[in-house]
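Notes for the structure review
Listed below, chain by chain, are the residues.
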Amino acid sequence: MRTVAKVGLAILLLGALAAPAPAAGPDPVEPYRQGDTSIVALNILPPGQGRYLNSAEEAQAQANGTQPAMNTNQMDLYTSLIKGAPGLTAVTLSDFFKDESFGVKPEDVDRQYSPRPGVEVIRDKPYEVPHVYGVTRADTMFGAGYVSAEDRMFMMDVLRHIGRGNSSEFLGASPENLAMDRQVYKSAGYTEKELQKMIDRLPKIDPKRGPTVVKDLQDYTDGVNQYFSEARQDPTKLPAEYPALQLVPQDWKPTDTVAVASLIGSQLGVGGGAELQNARFLEKLQRTHKSRQKAQSIYDDFRVLKDPEAPTTTNHLFPYLTDLGPVNPKSIAMPDHPGRVVRSAASAASVVTGPFGPINVSFPDGMSNALLVGKSLSKTGHPLAVFGPQTGYFSPEILMEMDLHGPGIATRGVGFPGISLYTLIGRGTDYAWSATSANGDQVDTFAEKLCRPDGSKPGIHSAYYLKDGKCTKMYKRTDSWAAKPTAGGQPCPDPSCVEVSMTTRRTDNGIVQARGRVHGIPVAFVHDRSSFKREVDSALTYYDMANPNHINGPKDFQRAFGRFAFSFNWFYLDKKHIAYVRGGYYPHRRKGTSDSLPLWGTGKWDWKKRNLSYAELAKDIDPTKGWMTSWNNKPAPGWGAA
């Protein structure tokens, strides 16, 4: 992945009426705008759809900077918008955005191919967006997997290793890669069995949708592996990163998709967990001011959950974190000396090291945006929206565009490599949706009292903790593998290879982050995350969003994202409505607990539930002011954030 420019995904969606095209014949390929009703959509994915270079292309790029046109040919459109903005009209918008209609005009077909019978892929010109058509649902999912690997093969491989916490095994044991692995082990660190259990969970929590999602995942996996197999045999299809690493790509597994989903859930779509840092800040204030009351007052002023001047997306009251009442001091597990807390080694890693330089694996810190205007303020009498989720800084960038069609599937937009069986952000037949980062408080820090089975006095490194009054052994797992010292080293086994070990320790409340003392009592500080072991639940949301029969208005949209696991703000429009919902699993905390300091993990202060009900999530439909917006801001009055 090569840095091109600091740009992101921008989607412009305009509500307008269009007549539906005639029904398609038995050929899975549908005519341009088939089923594309009641919406006009334009988008831009700078710097371009993008793909990886094979070895010959990479050598040429290194020599003279030559890139395939699809890697950069949306950049000029995006950058020229700055100069064109003052005179924008409905007519001139197409000078800065490209058509996001379903299908391809006959004159814009660049190439058409069939990865297997029943699957047709059309690449448009000049942008090379893949338009995938399937005779059956399985065919469409297969096609989504095939084109995902075709455009993002190496990125998918990187992400599945990072999601498992073993990027160093794949890319070499650089300090950056080891830091990323340690970070993942402290936030997820799942076993293969645990990854599979998340798949097996889907039919249990949703007997209607779950089995289909599991089947979709297997068909998607088959499509990925079809391209992987072709690339192993055809050097022109193999990204140059593999020869540079001296590795051969291994087949994709359904659990690889779960590993990528867990990476998003534990690293990109989550907020909270800074209670130990907060405790350190409060303790410094107490030492500086010599007055606990004064220190607490200053701390509360910085924390300020109820700032009346904070802009909100909806004006409706949705109390969260602000409704816990006065803090019960007995719930707080304030470290005796916060600055001396012994932490497990980890860092806020955001890059790993690849064969051609650093690979950024994080979204920007913020500043995605969404602006929606209701029909009452629109000249056409239909809603308008401009969506700008800022995600991409590379070519190929971290998102890829797809147009997917088959039984129960009609969407176009962007997918995240590795979980791209469904559209992440985009549009359906007569609706569209997008997101901004939310960083909602999904993680709390609990202090577990340490013990020893023989009743003797424990130290802070004890492997046992009190659970329901009994001295219980922590879950511990250490994984080891051989890794090249650098990305370009000889494949293992080789004398230069190094042994890498990663360890995760857990209690019933979460993964151990640090150790210390509270009131002289040895404790382990653990992170409990509401989406832990539940990241794949979000697939049920995208299953609904892909099906035009499931989304018949804003309430369907809100309910779909009401079961979403990760912390994002979600926005919607159709020909009549605009809507918003704060997606994510947010825990129901106990009254009297603090929203920002460590809590005792004795059971008394544990969460009541691991997620809010649909009714409790911040949301809105057609606000009376006629519009809504988001720049990662506060969602609603009364809603506190991490």
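Residues numbered from 1 in each chain as written. Predicted model: local features only at pLDDT ≥ 70, side-chain atom pairs only at ≥ 80, totals over all residues. Heavy atoms only, no water.

Points about the sheet that holds strand β5 (residues 109-113)
Put simply, the rule reads: Two strands are said to pair when DSSP picks up at least two bridges between them. Secondary structure elements follow DSSP: runs of H or I no shorter than four residues count as helices, runs of E no shorter than two count as strands, and numbering proceeds from the N terminus. Orientation is described by axes fitted as lines to C-alpha atoms, over the contacting stretch for helices, and by angles from 0 to 180 degrees between their N-to-C directions.
Strand order in the open sheet formed by 10 strands is β5-β6-β7-β15-β16-β17-β18-β26-β27-β29, and the pairing between neighbours is mixed. A single partner strand is all that each edge strand has here, and the edge strands are β5 and β29 (619-621). Between one strand axis and the next, the sheet turns by 20° as a mean value, whatever way the strands run. In terms of strand pairing, strand β6 (residues 119-124) meets strand β7 (residues 130-134) through five bridges, oriented antiparallel. Across the sheet, the residue bridging to Glu-120 is Tyr-133, located in β7.

Notes on the state of the cysteines
As a reminder, the rule being used: Count a disulfide wherever a pair of cysteine sulfur atoms falls within 2.5 Å. Residue exposure (1.4 Å probe, protein chains only): buried if accessible area is under 20% of the type maximum, exposed if over 50%, otherwise partly exposed.
Going through the model one piece at a time under the given rule, you end up with two disulfides. Paired through a disulfide, Cys-451 and Cys-471 show a sulfur-sulfur distance of 2.1 Å. Disulfide Cys-451-Cys-471: the torsion about the S-S bond is 105°, which places it as right-handed. One end of the pair, Cys-451, is in strand β19 (residues 441-451); the other, Cys-471, is in strand β21 (residues 470-473), and 20 residues separate them in sequence. Residue class for Cys-451 comes out buried when judged on its relative accessible area of 8%. Given the relative accessible area of 30%, Cys-471 is considered partly exposed. The disulfide bridge from Cys-492 ends at Cys-497, spanning 2.1 Å between sulfur atoms. Taking the sign of the S-S torsion, -110° for the link of Cys-492 and Cys-497, the bridge is left-handed.

Some points on the packing of aromatic side chains
The condition is simple: Only centres within 6.5 Å qualify two rings of Phe, Tyr or Trp (six-membered ring in Trp) as a pair; their planes then separate them into stacked at under 30 degrees, edge-to-face at over 60, and tilted for everything else.
All told, the structure shown has 26 aromatic pairs when counted by the stated rule. Their ring planes at 80° and their centres at 5.7 Å tell us that Tyr-52 and Phe-154 sit as a pair that is edge-to-face. Highlighted residues: Tyr-52 in the loop between β3 (40-44) and α1 (55-64) and Phe-154 in helix α3 (residues 137-164), separated in sequence by 102 residues. Neither Tyr-52 nor Phe-154 differs from the other in exposure class; each is buried. An angle of 40° between the planes, with centres 4.8 Å apart, marks the rings of Tyr-320 and Trp-639 as tilted.

Description of the packing of helix α10 (residues 275-289) against helix α11 (residues 292-303)
In plain terms, the rule: Throughout this description, any angle smaller than 35 degrees is read as roughly parallel, any larger than 145 degrees as roughly antiparallel, any in the 65 to 115 degree range as roughly perpendicular, and the remainder as oblique. Crossings are classed by handedness, with left-handed meaning an anticlockwise turn of the near helix from the far one by less than a right angle and right-handed meaning a clockwise turn. Throughout, a residue-residue contact means that at least one pair of heavy atoms, one from each residue, lies within 4.5 Å.
Running from N to C, α10 and α11 cross one another at 140°; their axes reach a closest spacing of 8 Å. When the interaxial angle is binned, α10 and α11 end up oblique. The handedness of the crossing between α10 and α11 comes out as right-handed. The segment α10 lies against α11, with Asn-278, Phe-281, Leu-282, Leu-285, Gln-286 and His-289 engaging Arg-292, Lys-294, Ala-295, Gln-296, Ile-298, Tyr-299 and Phe-302.

A few points about a nonpolar patch on the surface
Formally: To count toward a patch, a residue needs a relative accessible area over 30% and no salt bridge; like charges are then connected within 9 Å, while nonpolar side chains (Val, Leu, Ile, Met, Phe, Trp, Tyr) are connected within 5 Å. Working definition of accessibility: Shrake-Rupley area with a 1.4 Å probe, residue cover restricted to the visible protein chains. Each salt bridge in this description consists of a side-chain nitrogen of Lys or Arg and a carboxyl oxygen of Asp or Glu lying within 4 Å of one another.
Where nonpolar side chains cluster on the molecular surface, the patch consists of Leu-371, Leu-377, Val-386 and Trp-627 and spans about 340 Å² of accessible area. Tracing the backbone through its elements, the reader meets Leu-371 in strand β12 (residues 369-373). Taking the relative accessible area as the measure of exposure, Leu-371 reaches 36% and is therefore partly exposed.

Concerning the pairing of strand β25 (residues 521-529)
Most of β25 sits out of view: seven of its nine residues are buried. One ladder, built from seven bridges, connects β19 with β25; its direction is antiparallel. Across the sheet, Glu-448 pairs through a bridge with Ala-524, a residue of β25. In the sheet, strand β24 (residues 510-518) pairs with β25 via seven bridges, with the strands oriented antiparallel.

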